[in-house]
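# Fold and contact review
Below, each chain spelled out in residue letters.
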Amino acid sequence: MMTNPPETIPVENDSDEVSCDGGNGSLGHPVVWYSFDGKNTVECLYCDRAFEKKSA
Ligand SMILES: [Zn+2]
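To start, this report covers the structure provided alongside it. Computed from a prediction, not measured in an experiment: that's the story for all the values here.

Criteria and thresholds
- Residues numbered from 1 in each chain as written.
- Predicted model: local features only at pLDDT ≥ 70, side-chain atom pairs only at ≥ 80, totals over all residues.
- Heavy atoms only, no water.
- Pairing = 2+ DSSP bridges.
- Helix = DSSP H or I, 4+ residues; strand = E, 2+ residues; numbered from the N terminus.
- Axes fitted to C-alpha atoms, helices over the stretch in contact; angles between N-to-C directions.
- Donors = N, O, S within 2.8 Å, 3.2 Å for Na, K, Ca; no water.
- Tetrahedral: all angles 85-135°; square planar, octahedral: opposite > 155°, others 65-115°.
- Buried < 20%, exposed > 50% of the residue type's maximum accessible area, 1.4 Å probe, protein only.
- Contact = heavy atoms within 4.5 Å.
- Salt bridge = Lys/Arg side-chain N within 4 Å of Asp/Glu carboxyl O.

Pairing in this open sheet of three strands is mixed, and the strands run β1-β5-β4 from one edge to the other. The open sheet is flanked by β1 (8-11) and β4 (41-43), the only strands paired with a single partner. Adjacent strand axes in the sheet meet at a mean angle of 20 degrees, parallel and antiparallel pairs treated alike. One ladder, built from four bridges, connects β1 with strand β5 (residues 50-53); its direction is parallel. Note on β5: the bridge partner recorded for Pro10 is Glu52.

This is the structure we're talking about:
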């Protein structure tokens, strides 16, 4: 099984949550939503991608 380096996906600062479907290809997974819950980053448990709020 191949492992890809984790990606960091920028999201808008005012976002409360993000959705991830793993992107295209074999890494795809069912859509899941993550709440930032006061943090600046969340990591997808399925595909290890990180979502990071843009800093001003
Ligand atoms: Zn994902």
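Moving on: the coordination of the zinc ion. Taken together, the protein ligands of the zinc ion are Cys20 (SG), His29 (NE2), Cys44 (SG) and Cys47 (SG), with distances of 2.1 to 2.3 Å. Around the zinc ion sit four donor atoms, and with donor-metal-donor angles ranging over 105 to 114 degrees the site reads as tetrahedral.

A separate point is the side chain of Ser15. With respect to the helices and strands, Ser15 occurs in the loop between β1 and β2 (17-20). Among the residues examined, Ser15 registers a relative accessible area of 18% and is labelled buried. If we ignore the near neighbours within four places in the chain, the residues touching Ser15 are Phe36 and Lys53.

On inspection of all chains with the given rule, the structure shows two salt bridges. One salt bridge in this structure joins Glu7 and Arg49, with 4.0 Å as the shortest N-O distance. Of the two residues, Glu7 sits in the segment before β1 while Arg49 sits in the loop between β4 and β5, which places them 42 residues apart along the sequence. The partly exposed category is assigned to Glu7, whose relative accessible area is 45%. On the accessibility criterion, Arg49 (15% relative accessible area) is buried. With a closest N to O distance of 2.8 Å, Glu12 and Lys54 form a salt bridge. In this pair, Glu12 sits in the loop between β1 and β2 while Lys54 sits in the segment after β5, placing the two residues 42 residues apart along the sequence. Classification of Glu12 by relative accessible area gives partly exposed; the value is 45%. Note on Lys54: relative accessible area 40%, which makes it partly exposed.

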